[in-house]
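Below, each chain spelled out in residue letters.
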Amino acid sequence: MTTAVYPGSFDPVHQGHLDIIERARQIFGRVVVGVLENPTKRYLFSADERVALLRASLGADSPVAVRSFQGLAVEFAAEEGASVIVRGLRAVSDLDNEFQMSLMNRRLNPAVHTVFLTTSFANVFLSSSLLKEVCAFGGRIDEMVPPPVAEALRERLATRAPAGR
Ligand code: PNS
């Protein structure tokens, strides 16, 4: 059985991520989503919150495991017994960075292979940063994120909005 890890920031998870997770689940025997906890990066949601939002979005019956990790993605893959790192590709613009990361990961651990899944057409424009911006300015995000994430985003960004808004 091939185990695949899907590492990312997931700040927060959106429909594009869920699409990649579902397709990875159809291909690989076991899928573990890895939520990166990078102490040098500022996130809107803590690692525990991002894990909880992923679990709530996947549902209690999902066979997909979700864990947070620190450090290198290849080490997380090794800890999980995974030989595959899954990454989603939206557009050619993603490829430059993803190509570099996959080559570095291969250099770090040649036993771990990166597999790219192209995103579904409906999600090409989706990114966590754009969603946060749209939500912060009161735009509708409901079709782009699962309900628990829409609720959490509105709650978090409303509490951050300046008084009087
Ligand atoms: O969702 P993101 O922010 O595009 O995910 C990027 C992520 C988490 C996959 C990448 O930053 C990563 O793997 N970070 C862990 C540190 C690491 O392994 N760095 C070397 C890869 S070149």
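Scroll up a little and you will see the structure.
Summary of the structure given here. (Residues numbered from 1 in each chain as written. Predicted model: local features only at pLDDT ≥ 70, side-chain atom pairs only at ≥ 80, totals over all residues. Heavy atoms only, no water.)

1. Quick word on the overall build of the protein chain
Here's step 1: In terms of regular secondary structure, the protein chain is built from 6 helices and 5 strands.
Here's step 2: Radius of gyration (C-alpha) of the protein chain: 16 Å, near the 15 Å computed for a compact globule of 165 residues.
Here's step 3: Overall, the C-alpha framework of the protein chain stretches about 55 × 35 × 35 Å when taken along its three principal axes.
Here's step 4: Counting the 165 residues in the protein chain, one finds 42% classified as buried.
Here's step 5: Here the contacts in the protein chain between residues at least 6 apart in sequence split such that 75% fall between residues at least 24 apart.
Here's step 6: Carbon and sulfur atoms make up 54% of the accessible area of the protein chain, which amounts to about 9,200 Å² in all.
Here's step 7: Counting 18 positive and 18 negative side-chain charges, the protein chain places the centres of these two groups 2 Å from one another. (Helix = DSSP H or I, 4+ residues; strand = E, 2+ residues; numbered from the N terminus. Rg over C-alpha atoms; globule rule 2.2 N^0.38 Å. Buried < 20%, exposed > 50% of the residue type's maximum accessible area, 1.4 Å probe, protein only. Contact = heavy atoms within 4.5 Å. Areas by Shrake-Rupley, 256 points an atom, 1.4 Å probe, with all protein chains shown as cover. Lys, Arg positive; Asp, Glu negative; His and termini not counted. Charge placed at Lys NZ, Arg CZ, Asp CG, Glu CD.)

2. Re the side chain of histidine 17
Here's step 1: On the secondary structure map, histidine 17 appears in helix α1 (residues 15-27).
Here's step 2: What histidine 17 contacts, discounting residues up to four positions off in sequence, is Tyr6, Phe10, Pro12 and Ser128.

3. Quick word on the pairing of strand β5 (residues 113-118)
Here's step 1: The sheet contact formed by strand β4 (residues 84-89) and β5 spans 6 bridges and is parallel. Opposite arginine 87, over in β5, you have phenylalanine 116 as the bridge partner.
Here's step 2: Each parallel crossover has a hand, and for β4 linked through helix α4 (residues 92-108) to β5 it is right-handed. (Pairing = 2+ DSSP bridges. Right-handed = clockwise from strand over helix to strand, strands pointing away.)

4. Regarding the sheet that holds β5
Here's step 1: The sheet built from 5 strands is open, its strands ordered β3-β2-β1-β4-β5 with parallel pairing. In this open sheet, the two strands that pair with only one neighbour each are β3 (65-69) and β5. On average, adjacent strands in this sheet sit at an angle of 30° to one another, irrespective of strand direction.
Here's step 2: Packing against the sheet, α1 makes contact with β1 (3-8), β2 (30-36), β4 and β5, and its axis sits at approximately 120° to β5.
Here's step 3: Along the sheet face, helix α2 (residues 47-58) touches β2 and β3 and points at about 170° away from the line of β3. (Axes fitted to C-alpha atoms, helices over the stretch in contact; angles between N-to-C directions.)

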